[in-house]
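Descriptive analysis of the structure
In case you want the letters, here they are:
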Amino acid sequence: MARGPSGHLEQLPSGGFRVDVYAGTDPLTGRRLRYRRTVKTEQQARIVLGKLLEQAAAGAPPDSGVTVAELLARYMEVAELEPSTRETYDGYIRRTILPALGSMPLRKLRGPVLDTFYARLCRCADLTCTGRPFTEHRKSPAISIDPDDGRPAWHQAADALRSAIAAGLLSAGDQLPSVRELAAREGVRAAALQHALAVLADEGLITVRQGRRAVVSGQPPRTISQRKRRGETGHDCERAGCLPHQCRPMSARTIRQIHSILSGAFTAAVRWEWIDRSPIGSARLPKARPRSPASPTPTAVAAVIAAAREAQLDLLAVYLWLAAVTGARRGELCGLQWADIDLDAGVIHIAHSYQARGGQKLRKDTKTHQDRHLAIDEVTATMLAERRQRAQEMLASVTVELPVAAYVFTDDPLGRAPWNPDWVTHKVAEVAGRADVSLNVKALRHYTASQLLAGGIDLRNTAARLGHGGGGATTLRHYADPVSEVDRRAAAYLAQLTAPMASGGTAPQPSPKGSPERADNQQPLLIAASWLVNAHRHSRGLVCLRQNLR
C-alpha cells in the first residue's frame, strides 16, 4: 500500500513555527518532495499543516529547488534534436548559459535577470568581462622534445599535454593554442603536434574540431570565474602570448538562439510542473540587425568554378556547379549517391544528408525530413554522365564494377566514403580566396533562390527546389537577396510606366520573362558549364574561360 504524505511542526528559536510535509520523491529528479512554510503562532501552524497535507495528497507541486543546470541537463536528455543541432546547443549551454545561470534556482529566474544576461552578452561574449581592462592569460603548456629520447616527437608532445591535463594546469573547457602557434613557439613540427592531438582526442582527453582550436574535454566550472585574469605562479605572459582583453560583442542572432534554448527548457519545466510560469515571455531580446545580401553574381560563381579547375580540383568544380544549379545543402550533396541520379530522366533524388559530428559519421534524412526530386538540365546531366563514365572506366581497368551505392563526391575509387562537409566548406573558401571572391557553400543556396526569383520562377517552386516548407516564407526571409540587375529593370520599368502617364499616354507592357536581359545575366555561368563538360577534351578550355570572364 502506497504511503501517504506526512508532516510535523517544529518550533524555531525565534518563537515561530515551521511546517514540514514530506510527500515522497520526484520521479524525474529523485529529489525529496517537501512542502514547507513558516508562521508565527502554533494555531496558524496547525491550519497550514492541514492545507499542505491536502495539497500534497492532491499532487500539487511544492516549491522546487531545481536549478537551471539541472533543468538543462534533463531537457537535453528528452529533447528531439538533430545531431548537429544538439552539438550546437551543448556548446552554447557549456560555454555561456551554465557559467552565468547554471547555479540559479528556477523559481528565482525572472525577466530582469535574463535582460541583464542578454545585455552583458551584447557588450561582450566573455562573461568575466566587467568593462574594465584586464589581461587574458592563456594557458600554454611547455612541450620540449628531447632528441636523446627514444620515443618519437609526437609521443613526447602527447605525454607533455597529457601530464598538463592530469596536473590541472589545463582544466576542462580550456582551449589549446593552435598547431601553428605551438609549432612556432616550441620548435616542434606541426605534423608531430597534429598526431599528438589526434591521439589525445582518441583517448577522450581533448575535443578536436576542424577549423577550431582543440578544447580540453569535460564540463567547465558552472560559475563565472576570474581565473582568466590571474596568471599562475611561474606564468610567462610573453611566452604564452597573453594579450589585453578586447570586448567582442555577441551577435543578436546568437543571443536569440540562446534564448530559444532557454525557451524550450522553461516550457518543459512548466509542463513538468517544476515552475508555474516561464520567465521567457517577459525577457527582452536585442534587435536583430538586417542581414547584408549574401547572393553572389553568376560571374563570381563562374570565377570560383574556374579557380577550382585551375587547382586541378575537377570534382570540386562539379560540386560547385551542382550546388549552384540545384540549391542543395552541402550535406545533401556529400550524401548523394549514383543510385539517386536518373540521368535518362534528368532527375536527382535528394533524400539524405551526410554528417560528421563528434567522431560520428552518418547518412541521415534531410534537414526538413522531406525528400524531393530535382530536375537537371542537359548540360548538368552530360557533366554527371561523364564523371560516372570516368569512374567506371578507372575501375574497369582492374576488373571492378562501380557499386550502385557509390557516393558521387568522394576520394575513394569505390565511392564507399563521401567527403566530409566541413572539409568541403574549408576547401571552397580556399578556392574562392584564390579567385578573390567572397563565396561559401551557403552563399550558393542564396544564389539559387535569388536568381530563380529574379528569373520569374514562382516562389512555390523555388522553395520546393531548396527544400523549404511554410509556403516559401523561409525562402523570402533568409534566401531571396536583392539582385542589382533586377532592381535596375524595376527602376526602368517604373520610369517607362510613369513618364507616358504623366504626359497623358498609355502605360507600356512589361518586358517578357525570357528577355535578352535575363539571358545575359546567366552567360558567364553557362560558359563555365560548357567548359566543364568538355574540359577533358580541350586542354585550352581554362584559357578560353578566363578570356570570357574578363
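In what follows, the accompanying structure is described. (Residues numbered from 1 in each chain as written. Predicted model: local features only at pLDDT ≥ 70, side-chain atom pairs only at ≥ 80, totals over all residues. Heavy atoms only, no water.)

Overview of the overall build of the protein
Defined as follows: Under the DSSP-based scheme used, a helix requires at least four consecutive residues in state H or I and a strand at least two consecutive residues in state E, with every element numbered from the N terminus. Three labels apply to residues, based on accessible area from a 1.4 Å probe with only protein chains included: buried if under 20% of the type maximum, exposed if over 50%, partly exposed otherwise in between. We call two residues in contact when some of their heavy atoms are within 4.5 Å. What sets the accessible areas is the Shrake-Rupley method with a 1.4 Å probe; for residues, cover comes only from the shown protein chains.
The helix and strand tally for the protein stands at 21 helices and 12 strands. Looking at the protein as a whole, 39% of its 550 residues qualify as buried. The long-range fraction of contacts in the protein, counting pairs at least 24 apart against all pairs at least 6 apart in sequence, stands at 66%. Accessible surface, the protein as shown: approximately 30,400 Å² in total, 51% of it carbon and sulfur.

What about the packing of aromatic side chains?
Basically, it comes down to this: Any pair of Phe, Tyr and Trp rings, taking the six-membered ring for Trp, is counted once the centres come within 6.5 Å. Such a pair is stacked with planes under 30 degrees apart, edge-to-face with planes over 60 apart, and tilted for the rest.
The tally for this structure, following the rule as stated, stands at six aromatic pairs. Each ring, one from Y354 and one from Y407, has its centre 6.3 Å from the other, and the planes form 65°; the classification is edge-to-face. Taken together, the residues span a long stretch of sequence, with Y354 in strand β10 (residues 353-357) and Y407 in the loop between α13 (378-396) and α14 (421-434) at a distance of 53 residues. Here the aromatic residues Y319, F409, W419 and W423 are joined through ring pairs into a cluster of three or more.

A short note on the side chain of K364
Heads up, the rule is: Between N or O atoms, a polar contact is any pair within 3.5 Å; within protein, one atom must be a potential hydrogen donor and the other a potential acceptor, and residues adjacent in sequence are included only when both atoms are from side chains.
Summarising the element assignment, K364 is placed in strand β11 (residues 360-364). At 3.3 Å, the side chain of K364 forms a polar contact with the side chain of E82. Setting aside residues no more than four positions away along its own chain, K364 makes contact with E82, A351, H352, S353 and Q355.

A few points about the environment of V66
Examined against the element boundaries, V66 turns out to sit in the loop between α1 (42-58) and α2 (68-78). Judged by relative accessible area, V66 falls into the buried class, the value being 1%.

Details of the sheet that holds strand β9 (residues 347-350)
To keep things clear, this is the line we draw: Two strands qualify as a pair provided that DSSP identifies no fewer than 2 bridges between them.
Strand order in this open sheet of three strands is β8-β9-β12, and the pairing throughout is antiparallel. The strands lining the two open edges of the sheet, one partner per strand, are β8 (341-342) and β12 (372-375). Note: β9 against β12, four bridges, orientation antiparallel. Its bridge partner being in β12, I348 is matched across the sheet by L374.

A closer look at unusual backbone geometry
For Q312, which is not glycine, the phi torsion reads 65° and is therefore positive. Structurally, Q312 is set in the loop between α10 (298-310) and α11 (314-326). Positive phi outside glycine occurs at D436, with the angle close to 60°. Inspection of the secondary structure puts D436 in the loop between α14 and α15 (441-454).

A few points about the nonpolar core
Condition: Residues grouped as a nonpolar core are buried Ala, Val, Leu, Ile, Met, Phe, Trp, Tyr and Cys residues, joined through side-chain atoms within 4.5 Å.
In this structure, Y319, I341, I348, L384, F409, W419 and L439 are the most contacted members of the largest nonpolar core, which totals 47 residues. Listing elements by their share of this core, those giving two or more residues are α10, α11, α12 (330-334), β9, α13, α14 and α15. Per-element tally for this core: the top contributor is α11, with 10 residues. Non-local contacts of W419, meaning those with residues more than four positions away in its chain, are made with L315, L316, Y319, C334, Y354, F409, T410, D411 and V424. The next biggest cluster of nonpolar side chains, apart from the first, holds 35 residues, and it includes Y89, L98, L127 and I261.

Notes on the environment of L127
With respect to the helices, strands and loops of the structure, L127 is situated in the loop between α4 (111-123) and β4 (135-136). Residues L127 and I97, 30 residues apart in the sequence, show an inter-C-alpha distance of 9.9 Å.

Notes on the pattern of salt bridges
The criterion, for reference: The salt bridge criterion pairs a side-chain nitrogen of Lys or Arg with a carboxyl oxygen of Asp or Glu, the two atoms within 4 Å.
Following the criterion strictly, the structure yields 16 salt bridges and no others. Close ionic contact of E332 with R372 constitutes a salt bridge, the shortest N to O distance being 2.7 Å. On the criterion of sequence distance, the pair formed by E332 in helix α12 and R372 in strand β12 is long-range, its members being 40 residues apart. Residue R372 is classed as buried on the basis of its relative accessible area, which comes to 8%.

Some points on the packing of α2 against helix α3 (residues 83-101)
Rules: An axis is simply a line fitted to the C-alpha atoms; with a helix, the fit covers only the stretch in contact. Between two such axes, the angle follows the N-to-C directions and lies from 0 to 180 degrees. Orientation categories follow fixed angle ranges, with anything under 35 degrees roughly parallel, anything over 145 roughly antiparallel, 65 to 115 roughly perpendicular, and all other angles oblique. The residue classification treats Ala, Val, Leu, Ile, Met, Phe, Trp, Tyr, Cys and Pro as nonpolar and Asp, Glu, Lys and Arg as charged. All others, Gly included, are polar.
Running from amino to carboxyl end, α2 crosses α3 at an angle of 170°, the nearest separation of the two axes being 10 Å. As judged from the angle between their axes, α2 and α3 are roughly antiparallel. Counting all contacts with α2, which are made through V68, A69, L72 and M76, the residues of α3 involved are R86, Y89, D90, I93, I97, L98 and L101. A class-by-class count of the residues in the contact of α2 with α3 yields nine nonpolar, no polar and two charged.

Some points on the packing of α3 against helix α9 (residues 252-271)
Between α3 and α9, the shortest axis-to-axis distance is 10 Å and the interhelical angle comes to 85°. Considering their axes alone, α3 and α9 lie roughly perpendicular with respect to each other. Residues T88, Y89, Y92, I93, T96, I97 and L101 of α3 pack against T254, Q257, I258, S260, I261 and L262 of α9. Among the residues forming the contact of α3 with α9, the class breakdown is eight nonpolar, five polar and no charged.

Side note on the pairing of β9
Here is the key point about a regular strand: its side chains alternate between the two faces of the sheet. Burial of the side chains of β9 is restricted to one face: I348 and I350 are buried, whereas none of V347 and H349 on the reverse face is. The turn linking β8 back onto β9 is made up of four residues, and G346 within it adopts a positive phi angle of 70°.

Overview of helix α16 (residues 459-466)
A turn of α-helix holds 3.6 residues, and therefore any two residues three or four places apart point the same way. Short version of the rule: Arc, as used here, means the arc of the directions from the helix axis to the C-beta atoms.
When α16 is considered as a whole, its buried residues turn out to be T462, A463, R465 and L466. One face of α16 carries all of its buried residues, which in axial projection span an arc of 160°. At the exit of α16 stands G467, carrying a positive phi of roughly 80°.

Digging into helix α6 (residues 179-186)
Taken together, the buried positions of α6 are occupied by V179, L182, A183 and E186. Down the axis of α6, the sector holding all buried residues measures 100°, keeping them to one side. Turned more than 90 degrees away from the buried face of α6 sit R180 and A184, all of them exposed. A positive phi of about 70° marks G187, the residue just after α6.

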